[in-house]
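# Tertiary structure, described
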Amino acid sequence: MSAIKRDKQALARRVAQDIHEGMTVNLGIGMPTLVANYIAPELEVLLHSENGILGMGAAPAPGQEDYDLINAGKQPVTLKAGGAFFHHADSFSMMRGGHLDICVLGAFQVSVHGDLANWHTGEADAIPAVGGAMDLAIGAKQTWVMMDLLTKKGQSKVVKACTYPLTGIACVKRIYTDLCTLECTPKGLKLIDMVEGLERKALSELLGLELH
Amino acid sequence: MINKIADSIAQALSGTKDGSTVLVGGFGTAGIPSELIEGLIETGARDLTVVNNNAGNGEHGMAALLKAGRVRKIICSFPRQADSYIFDGLYQSGKVELELVPQGNLAERIRAAGAGIGGFFTPTGYGTDLAKLPNGEPKETRLINGKHYVFELPIHADLALIKAEKGDRWGNLVYRKAARNFGPVMAMAAKKTVASVHEVVALGELDPESIVTPGIFVHQVVRIERVATVAGGIKS
């Protein structure tokens, strides 16, 4: 395969292309955090952090860290003018109540129907930890996943049915990956775009799934 | 005269009983009532059920409470962290029970207790392993207007330990930035709420339009020192 994969930064840039003026967005811990770097500065996009911040800004300058002002990943951040603080029950009401436009999350697996598995490997000796993953998955108007398409062993992480424990059912709308962008529809997977050098048929074979 | 200002942490926490359920505020570096957790260890109370977002890290605070063998059960959303080794060891050897709750359900179950709600239906967790009771039985579910919900019960507590920024002798509180996190909902849900503050102010000094936790939810206020950073936050 001669496809040129999107690296993490390119993938973050691709996700950011679909975030528009006036949207309220929650970026999950890990790779989704990078998306913030590619949202055009002239856009007024409100970033939500589930620990109780709306209007989150960039990382502070060295020495200016305030450990009362951190994001969900527990890293110091800043607040934009007009930003607000609130308690946890209000913060999760913003999610569960459908007030957020978009939530971007990482994933272990996503099914063609939009089922999401991203909180637990299910291994017997693993200590489970869920945080806000289940609330985020079902809360926003649209949940997007951002991940590499294949596992290190080359298996597709977009699957017919998830084998890892579920985070939410039929909650994912879009899947942004290093090779393609997919949409989960009632009819199945719809191809939005793919990287240069990749063909529809080859992608379908990699996925082991039909594309519509 | 109503005076909720305690002279010391020991005084504020006196009477803490074995077997208590204790809500502990804080998320990450923000809003952890470390001094009150140390005070709880000093009380000697055992067999505790502790409710917190995490299960402690490093050797201090919650981790020290766990290490001292005072905790029977922990209810939290995210126990696993890079340095949560004290919890990890206790959990893996079966010495502490874990009830894992999605973070928003945790906040809402605490809020429900404070608000006098007998339970609620939430979409979070539907169809997942966390929609099961500790005995493995599925939790009650209901289809409402075409959407699936899981029934969740409130979390009531005997004691809440929270960290605020300023308080007055009636127990009115304001918080600082993201350190607010669980404080306001936890304050409502316990029979006794103890808040640490960096500043005790006179009645009327807190703008009534901006008071976040009205004093009715707070029973004891204790002043603690702040080691401030350049940006004004507490040193982590």
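Being a predicted model, the structure only gives us computed values, none of them experimental.

## Brief notes about the environment of His 120 of chain A
All names here are of chain A. Structurally, the position occupied by His 120 is in the loop between β7 (116–117) and α3 (133–139). Residue classification places His 120 among the buried positions, given that 22 C-beta atoms sit within 10 Å. Sequence-distant contacts of His 120, defined by excluding residues within four places in its chain, comprise Ala 126, Pro 128, Tyr 164 and Pro 165.

## Describing the sheet that holds strand β6 (residues 141–144) of chain B
Residues and elements named next belong to chain B. Across the sheet, 3 strands lie side by side as β5-β7-β6; this open sheet has antiparallel pairing. Looking at which strands have only one partner, the edges of the open sheet turn out to be β5 (120–122) and β6. With direction set aside, neighbouring strand axes in the sheet form an average angle of 40 degrees. Note: β6 against strand β7 (residues 147–152), 4 bridges, orientation antiparallel. Paired with Leu 143 across the bridge in β7 is His 148.

## A short note on the domain arrangement of chain B
Frequently, the measure chosen for interface size is the accessible area that the parts lose on association. All names here are of chain B. For chain B, the assigned domains read domain 1 (9–117 + 155–223) and domain 2 (119–152). With centres defined by C-alpha atoms, the gap from domain 1 to domain 2 works out at 26 Å. Every contact between the two is made by 9 residues of domain 1 and, on the other side, 8 residues of domain 2. Of all the elements in the fold, those that place two or more residues in the side of domain 1 that touches domain 2 are β4 (97–100) and α5 (103–115). Of the residues contributing to the side of domain 1 that touches domain 2, the split by class is 4 nonpolar, 2 polar and 3 charged.

## A look at helix α1 (residues 8–17) of chain A
Because the α-helix completes a turn every 3.6 residues, residues three or four places apart line up on one side. All names here are of chain A. Buried residues of α1: Leu 11, Ala 12, Arg 14 and Val 15, and no others. Across the axial projection of α1, the buried residues extend over an arc of 160 degrees, all falling on one side. Elements that come into contact with the buried residues of α1 comprise β5 (102–105), β8 (142–147), β10 (172–177) and β11 (180–185).

The rules behind these values
Residues numbered from 1 in each chain as written. Chains lettered and ligands numbered in written order. Predicted model: local features only at pLDDT ≥ 70, side-chain atom pairs only at ≥ 80, totals over all residues. Helix = DSSP H or I, 4+ residues; strand = E, 2+ residues; numbered from the N terminus. Buried ≥ 20, exposed ≤ 12 C-beta atoms within 10 Å, placed from the backbone. Contact = placed C-beta atoms within 7 Å. Pairing = 2+ DSSP bridges. Axes fitted to C-alpha atoms, helices over the stretch in contact; angles between N-to-C directions. Domains from an automatic or database assignment. Nonpolar A, V, L, I, M, F, W, Y, C, P; charged D, E, K, R; others polar. Arc of directions from axis to C-beta.

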